[in-house]
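Spelled out from the first residue to the last, the chains are:
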Amino acid sequence: MATEQSILAVIRAARPQFRTAFDKAAYTVHSSFVATGYVLHATGPPAFIDDALSVSCEDEVGMDGWNDVEHKYASVYSKGSKKVLVKCLVMNDKLIVDVLKEGGSEPLHVELDAGEYVQEDAGSNYGSQFKNLWKLVENINKEVLNKLDAASRNPPRSGGGLHPDLEHFHNGSDTVNGWRVYSRGNRGVVWPEI
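The model shown is predicted, which means the values in this text are computed figures rather than measured ones.

The rules we used
- Residues numbered from 1 in each chain as written.
- Predicted model: local features only at pLDDT ≥ 70, side-chain atom pairs only at ≥ 80, totals over all residues.
- Heavy atoms only, no water.
- Helix = DSSP H or I, 4+ residues; strand = E, 2+ residues; numbered from the N terminus.
- Buried < 20%, exposed > 50% of the residue type's maximum accessible area, 1.4 Å probe, protein only.
- Salt bridge = Lys/Arg side-chain N within 4 Å of Asp/Glu carboxyl O.
- Pairing = 2+ DSSP bridges.
- Axes fitted to C-alpha atoms, helices over the stretch in contact; angles between N-to-C directions.

Draft legend 1. How the structure looks around unusual backbone geometry. Although it is not a glycine, H71 adopts a positive phi angle of roughly 65°. Considering the arrangement of structural elements, one finds H71 in the loop between strand 1 (39–43) and strand 2 (72–79). What makes H71 partly exposed here is its relative accessible area of 28%. We note that N92 has phi near 55°; this positive angle belongs to a residue other than glycine. Structurally, the position occupied by N92 is in the loop between strand 3 (82–91) and strand 4 (94–101). With a relative accessible area of 74%, N92 lands in the exposed category.

Draft legend 2. Representation of the pattern of salt bridges within the structure. Counted by the stated rule, this structure contains five salt bridges. In this structure, the salt-bridge partner of D149 is K79, at a minimum N-O distance of 3.8 Å. With D149 in helix 4 (residues 133–153) and K79 in strand 2, the pair connects residues that are 70 residues apart, well separated along the chain. Owing to a relative accessible area of 23%, D149 belongs among the partly exposed residues under this scheme. For E116, the salt bridge goes to K135, with nearest N and O atoms at 2.9 Å. Of the two residues, E116 sits in helix 3 (residues 114–117) while K135 sits in helix 4, which places them 19 residues apart along the sequence. Classification of E116 by relative accessible area gives partly exposed; the value is 27%. What emerges from the salt-bridge pattern is a single network uniting K142, E143 and K147.

Draft legend 3. Geometry of the pairing of strand 2. Strand 2 sits mainly inside the fold: six of its eight residues count as buried. Inspection of the sheet shows strand 1 paired to strand 2 by four bridges, in the antiparallel sense. Following the sheet pairing, L40 is matched in strand 2 by Y77. Across eight bridges, strand 2 lies against strand 3 in antiparallel orientation. For K72, the partnering residue across the bridge sits in strand 3 and is L89.

Draft legend 4. Structural context of the sheet that holds strand 3. Sheet architecture is open: five strands sit in the order 1-2-3-4-5, paired in antiparallel fashion. In this open sheet, the two edge strands, each paired with only one partner strand, are strand 1 and strand 5 (108–113). Taking each pair of neighbouring strands and ignoring which way they run, the sheet shows an average axis angle of 20°. Sheet analysis places strand 3 next to strand 4, joined by eight bridges and oriented antiparallel. When the bridges of strand 4 are listed, V84 appears paired with K101.

Structure, rendered in structure tokens:
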């Protein structure tokens, strides 16, 4: 999970040049991915192509060109063997963020009000260029990163079946997440061990 401190560390290490408040918000989205272990493989115009998720995962790239297209941002990341496409678009006063996982059909979506999180003309200290950064990071974690991680941990299963926590019991274990399971017939009741 990204934190305010980890985001500022990524931003300070990269020392990006911001032209607009939306640049700052978009770079915070990027920093959230990097701070949580994602590797960048394409950004800017190369990430806008139709088959952006087909880029090689062997090469890690820098942020050159990340804000070449005004009010549009795109990046391709990987974590493990799965790639993720992140696209941001400015609409009115919002940064619209859509994230599509490789093989996924439904993108994750979050709308960020840049004015709520970014200070205009706040000098060269990166920490002072943001307000409510903790809230922005919390929003990105909740609406994007946590959902991506949950999807990676619990991939959809076809045909139903047992809840992943109960599969341990079904496979011969007598505990579920540290709770003792007592069963009678085909039913299991979960009680804390005393």
